[in-house]
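Reading the structure
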Amino acid sequence: MSTAAVAAPSAHAEHHELGFLRTYIFSTDHKMIGRQFLFMALFMMSIGGLMAMLMRWELAFPETAVPGFHWVPEPYMYDGAIPPNTYNSMFTMHATIMIFFVVMPILIGCFGNFLIPLMIGARDMAFPVLNMLSFWVGAVAGVIIISSFFVPGGPAAAGWTSYAPLSAVPVYTGVDWGQNLWCISLIVLGVSSLMGSINYITTVINMRTKGMTFFRMPLVIWSLFITAILLLLALPVLTTALALLLFDRMGGTHFFLPAGGGEPLLWQHLFWFFGHPEVYIMILPAMGMTSDILSTFSRKPIFGYRSMAYAMAAIAFLSWIVWGHHMFQSGMNPGLGTSFMLTTMVIGVPSAIKTFNWLGTLYKGDIHFTTAMLNALAFVAMFVIGGLSGIFMASTPVDMYIHDSYFIVAHIHYVLFGGSLFGVFGAITYWFPKMFGKMMNETLGKIHFWITFVAFNCTFFPMHILGMAGHMRRIYNPTQYDFLKPVQSINVFISISAFVLGAAQFILLANIIWSLAKGKKASENPWLANTLEWTAPSPPGHGNWPGALPQVYRGPYEYSSPEVAEDYLPQNRLLEGHIAVAD
Amino acid sequence: MLEYLYFPHDISTFGPQIDLIFEVIFWVVMVTWIAVTIAMAVFLVRYRHRPGRKATYIEGSTRLEIIWTTATAVIMIVLALASRSTWAFIKEQGPAGDVFYKVAGKQFNWEITYPGPDGQLGTADDVTVENDFHVPVNKVVRLELSSKDVIHSFYVPNMRLRQDAVPGRVIHVWFEATEIGQYEIPCSQLCGFGHSGMKGTLYVQSQEDYDKWLKDAYSNK
């Protein structure tokens with residue numbers, strides 16, 4: 001183990017220059033690995049986003065040629081027009097890429113890696129080599145999923161949920177290797193996740209600096225710690241299910257095929273037993289980041305710190321017993337549906353606790369509207385909508401009507417885009433100075449925020465109405481249905497908003513590139529924040545702190561404390577008259 | 001209210017119960033949403049940064065935590081309990097059937113099997129028709145839902161009715177249509193490249209029209 005190198009205060013002094021390859025490519029430094037995950041995810045986001053744009057074109061202007069896409073060969077497109085199977089591939093790959101290769105890598109791969117050692121006062125992760133492997137195994141998974149676009153038959157087309165038997169027999173979708181590669185890619189990615197989660201858990205438990213008790217950890221670290229535990233327990237279930245699916249496809253087994261005595265619903269149980277904790281894996285870290293950003297820019301302690309940490313733990317626990325709400329209409333015993341309805345309603349409670357505490361944090365604060373803060377506030381506002389809309393489908397009879405409709409699409413995007421992605425935008429802006437030593441441009445940041453915020457709501461809010469009108473998800477051409485004729489104009493409105501939303505992301509990209517090149521140099525603590533990462537240089541060198549590791553004397557949110565004249569009180573600042581004991 | 005939200009006209013006996021629960025949740029959600037949004041907006045305006053102001057140091061309030069935890073828990077559990085009986089009525093119990101059919105999903109059609117002149121399903125004189133589902137009005141319809149290949153979902157927006165059709169299983173579904181007319185039966189579970197456009201038509205007819213149609217169907221067999 002490399003703990004000696006990691007823990008030694010003089011690590012930085014001893015460290016000698018590494019070559020280009022070891023610094024930028026095969027780095028074991030948690031900060032470089034975090035940046036690698038960030039850039040990989042941003043690249044994948046452009047592909048996932050493009051899929052979404054093409055889908056929106058199809059839904060607004062069904063079976064017409066997409067401008068600029070005449071070059072795509074048949075049978076994937078016909079002179080720019082999207083055929084049904086390509087459409088099915090697009091929503092499958094859009095969700096797969098956004099979930100597994102964008103949101104998870106950014107939240108957990110990038111910020112988990114970058115923040116955990118810096119915020120708990122460690123020089124690196126517990127297992128730096130494993131950390132490097134985790135990224136590179138993840139990159140291999142990314143290459144496999146991209147390569148599935150280029151095999152005959154195209155990429156997977158059975159939905160990101162890949163319900164068997166549709167996904168289990170090639171002839172049902174007409175996709176052969178695309179679906180196999182989908183399974184293989186996610187199995188490989190599962191290995192990457194496993195390595196990452198073990199590392200995070202070990203690091204948080206063992207490598208906190210002197211004085212950093214569990215209840216002095218920032219909520220970001222709590223959220224990443226809880227998420228890592230969920231990952232460790234959930235991902236192997238998916239890996240198992242994927243292996244069984246692959247056996248059914250390639251090995252002649254019948255785990256999910258009734259003809260051979262298999263059970264299609266087994267896939268759904270396995271998938272959602274993973275899938276529901278997965279939903280929280282994708283929101284908990286964003287909740288943690290939002291909590292930190294809200295507290296910093298309200299210049300006020302987070303309201304109810306402990307209840308925030310307990311609420312996340314409660315969400316994590318409950319996330320294991322709600323998976324059946326995805327299966328109310330699946331043919332699962334309806335009596336079971338009633339119990340899953342009850343647990344699902346109950347999981348709304350810790351979510352509500354978090355929301356009220358965020359509001360409490362703003363109350364009597366001194367609110368600074370930075371770009372990071374605007375995004376964090378959007379997270380709260382959008383998470384409220386996403387959380388409340390979830391109550392509708394938690395109710396089994398209402399779900400009978402809105403299941404598999406655009407109401408669900410609206411709900412998940414309010415949580416995953418309105419929640420997680422606004423959290424990510426906030427986090428990028430907030431920690432960019434620490435990551436790259438440069439400030440991001442606030443004007444560009446605000447322009448990006450406002451266009452994204454308005455376009456996001458114009459895109460996804462009307463989807464609730466589509467859902468109420470009965471609009472099914474995953475249909476290729478809504479004009480094939482008489483009962484959907486009254487709402488087709490809403491589809492057109494949504495698509496135009498979506499194009500604006502997509503285009504607005506170039507502002508973010510431009511801001512990142514511009515700020516990297518020409519951004520104002522960041523000071524050590526540009527936001528006057530309390531947590532430990534702001535006591536390291538921007539960007540921190542190898543080993544994070546040039547001298548001794550910081551020691552912690554208090555919790556992370558002592559803003560506007562009556563004990564000092566300034567409105568912040570860093571965790572590591574020793575006040576006169578206090579005894580320097582770290583318990 | 002729901003017709004203003006584009007809800008399709010309901011023609012089932014249980015639809016109004018579902019719509020009622022939807023409305024109850026709608027108002028609970030709306031009130032909560034508006035309250036939270038107004039509180040947030042007021043805080044953002046009132047406590048915005050101005051030179052010289054300092055935030056008040058507040059770490060939290062156990063009393064408030066207890067109040068909002070209890071209040072939310074009570075509301076959520078009440079909503080669950082309120083939904084329970086409707087769900088059980090539609091999916092677990094339901095009234096005795098008047099007419100019986102088999103419906104099977106098959107890429108990319110609904111196969112409707114009508115009992116032959118002997119009135120029994122599963123005998124040689126059964127009639128199978130693709131996508132045209134004729135039922136008499138104001139009669140309890142019971143159907144055995146299954147699939148011949150992948151999972152499909154039997155969905156009638158005008159009845160708020162949805163049930164997946166799973167290969168290897170027979171799932172019992174019932175409904176009672178209260179208005180004569182034609183209604184769409186889209187497949188609502190992704191079932192392959194022909195999923196979009198896979199739809200049947202539900203013809204709700206008067207008993208006489210229904211009997212006449214069925215007689216023609218036998219003779220055309």
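Residues numbered from 1 in each chain as written. Chains lettered and ligands numbered in written order. Predicted model: local features only at pLDDT ≥ 70, side-chain atom pairs only at ≥ 80, totals over all residues.

**Topic: the overall build of chain B**
- Secondary structure summary: chain B contains three helices and ten strands in total.
- Going residue by residue from the N terminus, the α and β elements of chain B occur as α-α-β-β-β-β-β-β-β-β-β-β-α.
- For 221 residues, the compact-globule formula gives about 17 Å, and the C-alpha radius of gyration of chain B, at 25 Å, lies well above that figure.
- Put simply, chain B has 221 residues, and 37% of those count as buried.
- Long-range contacts, defined as pairs at least 24 residues apart, comprise 64% of the intrachain contacts of chain B with a sequence gap of at least 6. (Helix = DSSP H or I, 4+ residues; strand = E, 2+ residues; numbered from the N terminus. Rg over C-alpha atoms; globule rule 2.2 N^0.38 Å. Buried ≥ 20, exposed ≤ 12 C-beta atoms within 10 Å, placed from the backbone. Contact = placed C-beta atoms within 7 Å.)

**Focus on the overall build of chain A**
- Assigned secondary structure in chain A consists of 18 helices and zero strands.
- Based on the C-alpha atoms only, the size of chain A along its principal axes is roughly 75 × 50 × 50 Å.
- In chain A, which comprises 583 residues, the proportion classed as buried is 63%.
- Expressed as a percentage of contacts within chain A between residues at least 6 apart in sequence, the contacts between residues at least 24 apart total 81%.

**Here's the deal with the interface of chain A and chain B**
- With 81 residues of chain A at the contact, the number on the chain B side is 73 residues.
- Mapped by element, the contributors of at least two residues to the side of chain A that touches chain B are α5 (84-120), α7 (170-173), α10 (264-281), α12 (305-318), α13 (334-362), α14 (371-394), α15 (396-402) and α17 (442-468) of chain A.
- Take the side of chain A that touches chain B: its biggest share by element is 17 residues, from α13(A).
- Among the residues making up the side of chain A that touches chain B, the classes are represented as 46 nonpolar, 27 polar and eight charged. (Nonpolar A, V, L, I, M, F, W, Y, C, P; charged D, E, K, R; others polar.)

**A look at α12(A)**
- Between its terminal C-alpha atoms α12(A) stretches 20 Å, which fits the 20 Å expected from 14 residues at 1.5 Å a residue.
- For α12(A), the elements touching its buried residues are α9 (219-250), α10, α11 (284-298) and α13 of chain A together with α2 (62-92) of chain B. (Expected span 1.5 Å × (residues − 1).)

**Considering the packing of helix α4 (residues 30-60) of chain A against helix α18 (residues 488-518) of chain A**
Residues and elements named next belong to chain A.
- At a minimum axis separation of 8 Å, α4 and α18 run at an interaxial angle of 160°. Comparing their axes, α18 and α4 come out roughly antiparallel. Between α4 and α18 lies a crossing whose hand is left-handed. In contact with Gly49, Ala52, Met53, Arg56, Trp57, Leu59 and Ala60 of α4, α18 contributes Asn491, Val492, Ile494, Ser495, Ala498, Phe499, Gly502 and Gln505.
- Along the lines of polarity and charge, the residues of the contact of α4 with α18 split into nine nonpolar, five polar and one charged. (Axes fitted to C-alpha atoms, helices over the stretch in contact; angles between N-to-C directions. Parallel < 35°, antiparallel > 145°, perpendicular 65-115°, else oblique. Left-handed = near helix turned anticlockwise from the far one by under 90°.)

**Thoughts on the nonpolar core**
Residues and elements named next belong to chain A.
- Core analysis: the biggest nonpolar cluster contains 251 residues, and Ala41, Ile106, Ile221 and Met312 have the highest contact counts within it.
- With 23 residues, α5 is the largest single contributor of residues to this core.
- Sequence-distant contacts of Ala41, defined by excluding residues within four places in its chain, comprise Phe101, Val102, Pro105, Ile106 and Cys110. (Core = buried A, V, L, I, M, F, W, Y, C linked by C-beta atoms within 7 Å.)

**Section: the sheet that holds strand β1 (residues 99-106) of chain B**
Residue and element names in this part refer to chain B.
- Strand order in this open sheet of five strands is β3-β2-β1-β5-β8, and the pairing throughout is mixed. Among the strands making up the open sheet, the edge pair consists of β3 (127-130) and β8 (171-176). Put simply, the sheet's adjacent strands are angled 25° from each other on average, direction ignored.
- Two elements, strand β2 (residues 109-114) and β3, share four bridges in a ladder whose sense is antiparallel. Opposite Glu111, over in β3, you have Glu130 as the bridge partner. (Pairing = 2+ DSSP bridges.)

**Some points on unusual backbone geometry**
- With an omega dihedral of 5°, the bond running from Glu74(A) to Pro75(A) counts as a cis peptide bond.
- Looking along the chain, the bond that leaves Gln107(B) and enters Phe108(B) is cis, with omega of 0°.
- Unusually for a residue other than glycine, Asp404(A) sits at a positive phi of about 55°.
- Position of Asp404(A) among the secondary structure elements: in the loop between α15 and α16 (406-436).
- Positive phi values are uncommon outside glycine, yet Leu528(A) reaches one of about 55°.
- Along the chain, Leu528(A) turns up in the segment after α18.

**Points about the pairing of strand β7 (residues 161-165) of chain B**
Residue and element names in this part refer to chain B.
- Counting buried residues along β7, five of its five residues qualify, which places the element largely inside the surrounding structure.
- Where burial is concerned, the two faces of β7 agree: the one with Leu161, Gln163 and Ala165 and the one with Arg162 and Asp164 are both buried.
- Judged from the five bridges that link them, strand β6 (residues 152-156) and β7 form a sheet pairing that is antiparallel. In the strand pairing of β7, Tyr155 is matched with Arg162.
- What sits between β6 and β7 in their antiparallel hairpin is a turn of four residues, with Arg160 showing a positive phi close to 60°.

**As for the sheet that holds strand β9 (residues 181-186) of chain B**
All names here are of chain B.
- Across the sheet, which stays open at both edges, the three strands sit in the order β4-β10-β9 with mixed pairing between neighbours. Strands with a single pairing partner mark the edges of an open sheet, and in this sheet they are β4 (132-136) and β9. Geometrically, the sheet is characterised by an average inter-axis angle of 25° between neighbouring strands, direction not taken into account.
- With six bridges joining them, β9 and strand β10 (residues 199-205) adopt antiparallel strand pairing. Its bridge partner lying in β10, Pro186 is registered against Lys199.
- Set on the sheet, helix α3 (residues 207-220) makes contact with β4 and β10; between it and β4 the angle comes to about 135°.

**What about the confidence of the model for chain B?**
- Mean pLDDT for chain B: 94, with 99% of residues reaching 70 or above.
- Predicted complex, confidence summary: ipTM 0.95, pTM 0.94. (pLDDT = per-residue confidence, 0-100.)

**Here we look at α3(B)**
- Helix length check: α3(B) (14 residues) gives 20 Å between terminal C-alpha atoms against 20 Å at 1.5 Å per residue, within 8%.
- With respect to burial, α3(B) is a largely exposed element, only zero of its 14 residues being buried.

**Thoughts on the confidence of the model for chain A**
- When pLDDT is averaged along chain A, the result is 94; 96% of the residues meet or exceed 70.
- For the stretch residues 1-14 of chain A, pLDDT sits under 50, and the model shows 15 contacts to residues farther than four places along the chain or on other chains.

**Re the environment of Pro117(A)**
Residues and elements named next belong to chain A.
- Mapped onto the elements of the fold, Pro117 is located in helix α5.
- Sequence separation between Pro117 and Met104 is 13 residues, and the spatial gap between their C-alpha atoms is 19 Å.
- In this structure Pro117 touches His30, Ala122, Arg123, Asp124, Met125, Thr203 and Asn544, once residues within four positions along its chain are discounted.

**Thoughts on the pairing of strand β5 (residues 140-147) of chain B**
- Bridging between β1(B) and β5(B) involves seven bridges; their strand directions are parallel. The residue of β5(B) that forms the bridge with Ala104(B) is Ser146(B).

**As for the environment of Leu516(A)**
Residues and elements named next belong to chain A.
- Within the secondary structure, Leu516 is located in helix α18.
- You can call Leu516 partly exposed: it has 14 C-beta atoms within 10 Å.
- Residues Leu516 and Trp267, 249 residues apart in the sequence, show an inter-C-alpha distance of 45 Å.
- When sequence neighbours within four positions are dropped, the list of residues in contact with Leu516 reads Phe436 and Lys438.

**Here's the deal with the packing of α13(A) against α2(B)**
- Packing of α13(A) against α2(B) leaves a shortest axis separation of 9 Å and a crossing angle of 160°. One finds that α13(A) runs roughly antiparallel with respect to α2(B). Considering the relative orientation of α13(A) and α2(B), their crossing is right-handed.

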